[in-house]
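Here's the letter readout for the chains.
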Amino acid sequence: MTGSLERPQTLREWLTTSEPSSRTQARLGRTYLSWRTFSRNPLAMLGLLVVVGLIIVAIFADQLATHSPIVGGDLRTERLLPPSAEHWLGTDSQARDIYSRLVHGSRLTLMIVALVTVLAMPVGLLIGTVAGYVGGWVDATLMRITDIFLAFPRLILALAFVAALGPGIENAIIAIAITSWPPYARIARAETLTIRNSDFIAAVRLQGASRARIIARHIMPLCVPSVIIRVTLDMAGIILTAAGLGFLGLGAQPPMPEWGAMIAAGRQYIIDYWWVATMPGIAIFVVSLGFNLLGDGLRDVLDPKAAR
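Residues numbered from 1 in each chain as written. Predicted model: local features only at pLDDT ≥ 70, side-chain atom pairs only at ≥ 80, totals over all residues. Heavy atoms only, no water.

(A) Summary view of the overall build of the protein chain. Along the protein chain, the regular secondary structure elements total 13 helices and 0 strands. In terms of overall size, the protein chain is more extended than a compact globule, its C-alpha atoms giving a radius of gyration of 24 Å where 308 residues would be expected to give roughly 19 Å. Within the span of the protein chain, comprising 308 residues, buried residues form 42% of the whole. Across the protein chain, every contact between residues at least 6 apart in sequence was considered, and the portion connecting residues at least 24 apart equals 69%. With an accessible surface of roughly 16,700 Å², the protein chain has 64% of that area assigned to carbon and sulfur atoms. For the protein chain, the separation between the mean place of its 26 positive charges and that of its 20 negative charges on side chains is 10 Å. (Helix = DSSP H or I, 4+ residues; strand = E, 2+ residues; numbered from the N terminus. Rg over C-alpha atoms; globule rule 2.2 N^0.38 Å. Buried < 20%, exposed > 50% of the residue type's maximum accessible area, 1.4 Å probe, protein only. Contact = heavy atoms within 4.5 Å. Areas by Shrake-Rupley, 256 points an atom, 1.4 Å probe, with all protein chains shown as cover. Lys, Arg positive; Asp, Glu negative; His and termini not counted. Charge placed at Lys NZ, Arg CZ, Asp CG, Glu CD.)

Quick look at the structure:
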């Protein structure tokens, strides 16, 4: 008896099949297709490389730094030295190695971005979904509060909150988070308005689900991709706001190696000793550009409207 043996299914075929046999296979397949779409965008891959590089530098800052970021050298012989083999990016006015301060400053930058995102994103998502689903006076009240926050430039509003709370990195993070949630609330509300009258929401409602359950289990997960896109695009703005507060002396306090504070310390030497302020400025530019490129790539992958 002769029979034909089926060719073994490869991993790629298993991931890209149009008839997945389980939820896990369907989810892995969507993830794989999203990654293929993302990896075709060279600028998005460049942004991902910058962000991953920032994370690696922050994790291994102690090993990558060549000098102490806080303690300087001899002020008589090592102050304001240009870039050299000993000090790759030069030294500042306190004879501290600029490269080592930038490396350790990446930890502060990553911490600010992560904490602001953790604080602001859930608040904006909750306010937007509640306003969009409940409607009526709840929607009007929450959106008018959102409009008040959106009426002020983020840096100006953050300055006001930091002035009230007091200077410091913790208060700067709180102030930036307070000023960052309104755009997320707007996006979540817009998504909720398009979802709340859907057939599957009506079916869940007929089954007796409460408003809180519908919002938390069915509406919020559908709003998360759009909010994540906006959060990623906003990370550059968060970095710039934090650097602005540091530049004005209201963010991280000396001798912490915060990039905005480093620019402020070096602005008086910009003519004769350009590297003191230029190096942290380049770091802010590269990281901000990386987050913007990454956000553009994620928008192409996660935004269903763009996919169509």
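Read on for the rest.
(B) How the structure looks around the packing of helix 5 (residues 98–134) against helix 6 (residues 136–150). Packing of helix 5 against helix 6 leaves a shortest axis separation of 7 Å and a crossing angle of 145 degrees. Crossing of helix 5 over helix 6 shows left-handed handedness. Together, Ile127, Val130, Ala131 and Val134 of helix 5 and Gly136, Val138, Asp139, Leu142, Met143 and Thr146 of helix 6 make up the contact between the two elements. Classifying every residue of the contact of helix 5 with helix 6 gives 7 nonpolar, 2 polar and 1 charged. (Axes fitted to C-alpha atoms, helices over the stretch in contact; angles between N-to-C directions. Left-handed = near helix turned anticlockwise from the far one by under 90°. Nonpolar A, V, L, I, M, F, W, Y, C, P; charged D, E, K, R; others polar.)

(C) Geometry of the confidence of the model for the protein chain. Averaged over every residue, the pLDDT of the protein chain is 88; the share at 70 or more is 95%. At the low end of the mean pLDDT range in the protein chain sits helix 13 (residues 304–307), at 53; at the high end sits helix 3 (residues 42–59), at 94. Segment residues 1–5: pLDDT under 50, and 0 contacts once partners within four positions in sequence are set aside and those in other chains are kept. (pLDDT = per-residue confidence, 0-100.)

(D) Up close: unusual backbone geometry. The peptide bond linking Pro254 to Pro255 adopts the cis configuration, its omega dihedral lying at 5 degrees. With respect to the helices and strands, Pro255 occurs in the loop between helix 10 (211–247) and helix 11 (259–266). Positive phi values are uncommon outside glycine, yet Ala95 reaches one of about 65 degrees. With respect to the helices and strands, the residue Ala95 is situated in the loop between helix 4 (61–64) and helix 5. Since its relative accessible area comes to 4%, Ala95 is described here as buried.

(E) Examining the nonpolar core more closely. Counting residues in each nonpolar core, the largest one holds 60 residues, and the members touching the most others are Ile112, Trp259 and Phe291. Of all elements in the fold, only helix 3, helix 5, helix 7 (154–165), helix 8 (169–195), helix 9 (199–206), helix 10, helix 11 and helix 12 (275–302) reach the threshold of two or more residues within this core. Top element by residues in this core is helix 10. It accounts for 13 residues. With residues up to four places along the chain from it excluded, the contact list for Ile112 reads Ile169, Ile173, Ile176, Ile238 and Ala242. (Core = buried A, V, L, I, M, F, W, Y, C linked by side-chain atoms within 4.5 Å.)

(F) Highlighting the pattern of salt bridges. Enumeration over the complete set of coordinates arrives at 10 salt bridges. Among the salt bridges present, the one from Asp147 reaches Arg144, with a minimum N-O distance of 2.9 Å. Of this pair, Asp147 and Arg144 are both found in helix 6, 3 residues apart, which corresponds to roughly one turn of the helix. Residue classification places Asp147 among the partly exposed positions, given a relative accessible area of 27%. Ionic pairing is found between Asp234 and Arg230, a salt bridge with its closest N-O pair at 3.0 Å. Of this pair, Asp234 and Arg230 are both found in helix 10, 4 residues apart, which corresponds to roughly one turn of the helix. Given the relative accessible area of 30%, Arg230 is considered partly exposed. Salt bridges linked by common partners bring Asp92, Arg96 and Arg101 together as one network. (Salt bridge = Lys/Arg side-chain N within 4 Å of Asp/Glu carboxyl O.)

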